[in-house]
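Residue-level structural notes
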Amino acid sequence: MRVIVLLIFWGLISGCGNREVANHKDLDENMLDLRIFHDNLGTYIRSQDLETSRWLLEGMDSTLQVIRKKFTSHRKLDDPFDVYYRKMMSGPVKDIRKALKEENFENATRAYRLLTKNCNNCHRDLEIRKEVEDWTSGERTHK
Ligand code: HEC
């Protein structure tokens, strides 16, 4: 059931299933996609659901790849998104992937938290008032 709901999400945000078609989206819309994957990923890592976590991680990374290809410049970015991706996102994404492969939820949680911190670091550096929350934590309060 949960997977079906997620598949509907996926359908909604990926247009006709073609990632290139999703390219008409602006950066903020792509960020909203990113957030859906990010937040759900935290929830599913927390509930130790390996299969769904893997699937959400790849969905999140493919959204990051779309952003990376498209936003080689943007009025709110000082550098191409690719520069930030390599500096802040690719490490934690790889670490989560590795941890899920090893079925190690402790490491996946640690890497997810670093990823979340880096989302926020980038927002802070660029003065974007948007706090990304850690969904592996029981204390989160979604705004
Ligand atoms: C390049 C640094 C950078 C990184 C890394 C980054 N963001 Fe963003 N984010 C931005 C910028 C810039 C905006 C503002 C976009 C705009 O207003 O056009 C933004 C806006 C957002 C928004 C608000 C969108 C809206 O319309 O309300 C969300 C949600 C968001 N980011 C989530 C995330 C998540 C989740 C991550 C980490 C997985 C992340 N961001 C990583 C730069 C970044």
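Summary of the structure given here. All of these numbers come straight from a predicted model, not from anything done at the bench. (Residues numbered from 1 in each chain as written. Predicted model: local features only at pLDDT ≥ 70, side-chain atom pairs only at ≥ 80, totals over all residues.)

Near the ligand, the surroundings consist of 21 residues, among which Asp28, Met31, Tyr84, Cys119 and Cys122 are the closest. Counting residues per element, the ones that place at least two in the shell around the ligand are α2 (27-46), α4 (81-101) and α5 (105-125). In terms of residue count, α2 provides more of the shell around the ligand than any other element does, seven residues in total. Here the shell around the ligand is built from residues that sort into 15 nonpolar, two polar and four charged. (Near = placed C-beta within 6 Å. Helix = DSSP H or I, 4+ residues; strand = E, 2+ residues; numbered from the N terminus. Nonpolar A, V, L, I, M, F, W, Y, C, P; charged D, E, K, R; others polar.)

Turning our attention to unusual backbone geometry. Even without being glycine, Glu103 reaches a positive phi, approximately 55°. Inspection of the secondary structure puts Glu103 in the loop between α4 and α5. Although it is not a glycine, Glu127 adopts a positive phi angle of roughly 60°. Tracing the backbone shows Glu127 in the segment after α5.

In this section: α4. Roughly 50° is the biggest bend found in α4, and it falls at Met89, with proline Pro92 one to four residues downstream. Where α4 is concerned, the buried positions are Phe81, Tyr84, Met89, Val93, Ile96, Ala99 and Leu100. On the buried face of α4, the contacting elements are α3 (50-70) and α5. The first or second residue beyond α4 is Glu103, which carries a positive phi of 55°. (Bend = angle between axes of the 7 residues up to and from the residue. Buried ≥ 20, exposed ≤ 12 C-beta atoms within 10 Å, placed from the backbone. Contact = placed C-beta atoms within 7 Å.)

To describe two helices that pack against each other, one gives the angle between their axes and the distance between the axes. With their axes 8 Å apart at the nearest point, α4 and α5 run at an angle of 165° to one another. If you check the angle between α4 and α5, you find them roughly antiparallel. Every pair of crossing elements has a handedness; the one defined by α4 and α5 is left-handed. In contact with Tyr84, Met88, Met89, Pro92, Val93, Asp95, Ile96, Ala99 and Leu100 of α4, α5 contributes Asn107, Ala108, Ala111, Tyr112, Leu114, Leu115, Asn118, Asn121 and Cys122. (Axes fitted to C-alpha atoms, helices over the stretch in contact; angles between N-to-C directions. Parallel < 35°, antiparallel > 145°, perpendicular 65-115°, else oblique. Left-handed = near helix turned anticlockwise from the far one by under 90°.)

Over its 21 residues, α5 runs 30 Å from end to end, which matches the ideal 30 Å to within 8%, given 1.5 Å per residue. Among all positions of α5, only Ala108, Ala111, Tyr112, Leu115, Thr116 and Cys119 are buried. All buried residues of α5 fall inside an arc of 145° around its axis, so they share one side. Set apart from the buried face of α5 by more than 90 degrees, the exposed residues are Glu106, Arg124 and Asp125. Contacts from the buried residues of α5 go to α2, α3 and α4. Two residues or fewer past α5, Glu127 is found with a positive phi of approximately 60°. (Expected span 1.5 Å × (residues − 1). Arc of directions from axis to C-beta.)

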